[in-house]
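Breakdown of the fold
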Amino acid sequence: MLETTIAAIGPLDEAAMSTARQLQTRLTKPAGSLGLLEELSVRLAGLAGTCPPSLPSPAAVAIFAGDHGVHAQRVTPWPQEVTVQMVGNFLAGGAVVNAFARQAGATVTVVDVGVATPLPTPDDHSPAGDARVAARGGVGGHGRVDVPRLVDANVRRGTRDMTVTAALTRDEARAAVEVGIRIAGELIDGGAALLVTGDMGIANTTPAAALIAAFTGVDAAEATGRGTGVDDPTYQHKIEVVRAALLRHTPDPIDPLGVLAAVGGLEHAALTGLLLGAAARRVPVLLDGVIAVSAALAAAALAPDAVGAMIAGHRSAEPGATVALRQLGLTPLIDLGLRLGEGTGALLALPVVTGAVRVLHEVATFDSAGVAEK
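First, a word on what this report is: a plain description of the structure on this page. (Residues numbered from 1 in each chain as written. Predicted model: local features only at pLDDT ≥ 70, side-chain atom pairs only at ≥ 80, totals over all residues. Heavy atoms only, no water.)

Focus: the nonpolar core
In terms of nonpolar packing, the biggest core is built from 86 residues, with Phe64, Ile183, Leu195, Leu276 and Met310 touching the most fellow members. The leading source of residues in this core is helix α13 (residues 290–302), at eleven residues. Residues within four places of Leu276 in sequence aside, it is in contact with Leu2, Thr5, Ile9, Val177, Ala299, Leu302, Ala303 and Ala306. (Core = buried A, V, L, I, M, F, W, Y, C linked by side-chain atoms within 4.5 Å. Buried < 20%, exposed > 50% of the residue type's maximum accessible area, 1.4 Å probe, protein only. Helix = DSSP H or I, 4+ residues; strand = E, 2+ residues; numbered from the N terminus. Contact = heavy atoms within 4.5 Å.)

So, helix α3 (residues 36–48)
Helix length check: α3, at 13 residues, gives a terminal C-alpha distance of 18 Å against a target of 18 Å (1.5 Å per residue), a fit within 8%. Taken as a whole, α3 has its buried residues at Glu38, Leu40, Ser41, Val42, Arg43, Leu44, Ala45, Gly46 and Leu47. Buried-residue contacts for α3 involve α2 (14–26), β6 (310–312) and α15 (344–362). Just past α3, the residue Gly49 takes up positive phi, approximately 80°. (Expected span 1.5 Å × (residues − 1).)

Observations regarding the sheet that holds strand β3 (residues 149–152)
In spatial order, the strands read β3-β2-β1-β4-β5-β6; together these six strands make up an open sheet with parallel pairing. Both outer strands of the open sheet, β3 and β6, are each paired with one neighbouring strand and no more. Within this sheet the neighbouring strands show an average axis-to-axis angle of 30°, counted without direction. Both strand β1 (residues 59–66) and strand β4 (residues 194–200) contribute to a ladder of seven bridges, which runs parallel. Residue pairing for β4: Ala60 is matched across the bridge by Leu195. Against the sheet, helix α4 (residues 81–92) engages β1, β2 (107–114), β3 and β4, with an angle of about 140° to β4. (Pairing = 2+ DSSP bridges. Axes fitted to C-alpha atoms, helices over the stretch in contact; angles between N-to-C directions.)

With respect to the side chain of Lys29
Here Lys29 shows up in the loop between α2 and α3. For Lys29, a relative accessible area of 13% puts it in the buried group. Among the polar contacts made by the side chain of Lys29, one reaches the side chain of Gln24 at a distance of 3.1 Å. Filtering out sequence-adjacent residues up to four positions away, Lys29 remains in contact with Gln24, Leu34, Glu38 and Phe366. (Polar contact = N/O pair within 3.5 Å; in protein donor to acceptor, adjacent residues only side chain to side chain.)

Next up, the structure:
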């Protein structure tokens with residue numbers, strides 16, 4: 001599946017982009033006056049292979065959840081149990097991502113790709129369990145904005161501690177990537193015209209920092225941020241943990257799957273697959289924060305043309321996100337100092353993407369409007 005997906009990823013369509021650029025010069029506005037939106041509309045035309053491209057609606061959020069062995073190194077004060085608790089919150093509709101998804105009219109799919117704690121089964125009749133089981137994709141669960149869906153695709157119950165051994169085997173990393181590819185296909189086949197990256201995993205900014213350092217060559221200190229807002233001693237310790245993992249494994253960016261296996265997380269690998277799967281289907285993906293952009297580096301290393309399908313939704317407050325975006329050559333659409341994850345920043349940027357495309361569809365040209373040009 002991975003190889004065939006990569007083989008299907010091609011470059012943006014130059015003819016469609018040229019048409020979009022020419023159209024932008026004929027619309028009733030000064031040339032270049034919409035700034036980044038104009039180039040975004042051109043890229044989306046190139047991805048679609050036509051101008052104007054279809055409106056990016058409906059959108060679908062895919063939240064990949066996993067736990068991390070490196071949590072044992074005390075890189076965060078939050079207990080690991082919060083991962084499974086937040087999965088329940090997503091499925092009950094009570095998280096920030098749910099509020100923003102409802103506002104955007106986007107569906108939410110939660111994918112257990114590596115949660116350490118087994119999720120409730122149909123025999124669990126607690127209120128939280130009932131909410132989660134009801135959202136497993138049963139009646140009304142798929143395609144409904146107000147009913148999040150749970151996909152059980154657990155590859156293993158959390159990663160190993162990357163400071164002791166490789167976080168994943170190559171087979172596990174590949175399996176997680178292929179989970180993401182499959183989810184991309186399912187969402188697109190279900191009608192999604194744009195995908196939004198989401199993530200959940202206590203301690204997952206630590207492997208994200210390691211991935212960013214591995215793929216860009218920056219020092220661990222430049223790639224590592226405070227995550228959930230750790231204090232100074234914990235932050236310095238976190239940098240040393242990332243540095244120790246990189247020294248132990250010396251991951252080679254020429255071997256992206258090996259990098260994911262050595263220092264990645266299951267949600268990072270699955271997001272890599274989501275990005276590859278969307279690019280193969282020529283469907284745009286809105287990147288959220290540091291977890292998403294670390295996965296984007298892996299996707300770009302596997303298939304450089306996959307970057308054509310990526311849109312940087314926002315600039316995360318995590319410093320590694322800026323490092324990764326610079327490497328990818330992507331400019332974020334908004335910068336609000338966000339660092340929550342879940343897909344929240346990307347969802348806030350969704351109207352910007354829609355606006356960029358709507359301009360090509362709806363704005364009159366100087367000729368059609370009878371407006372004089374300079």
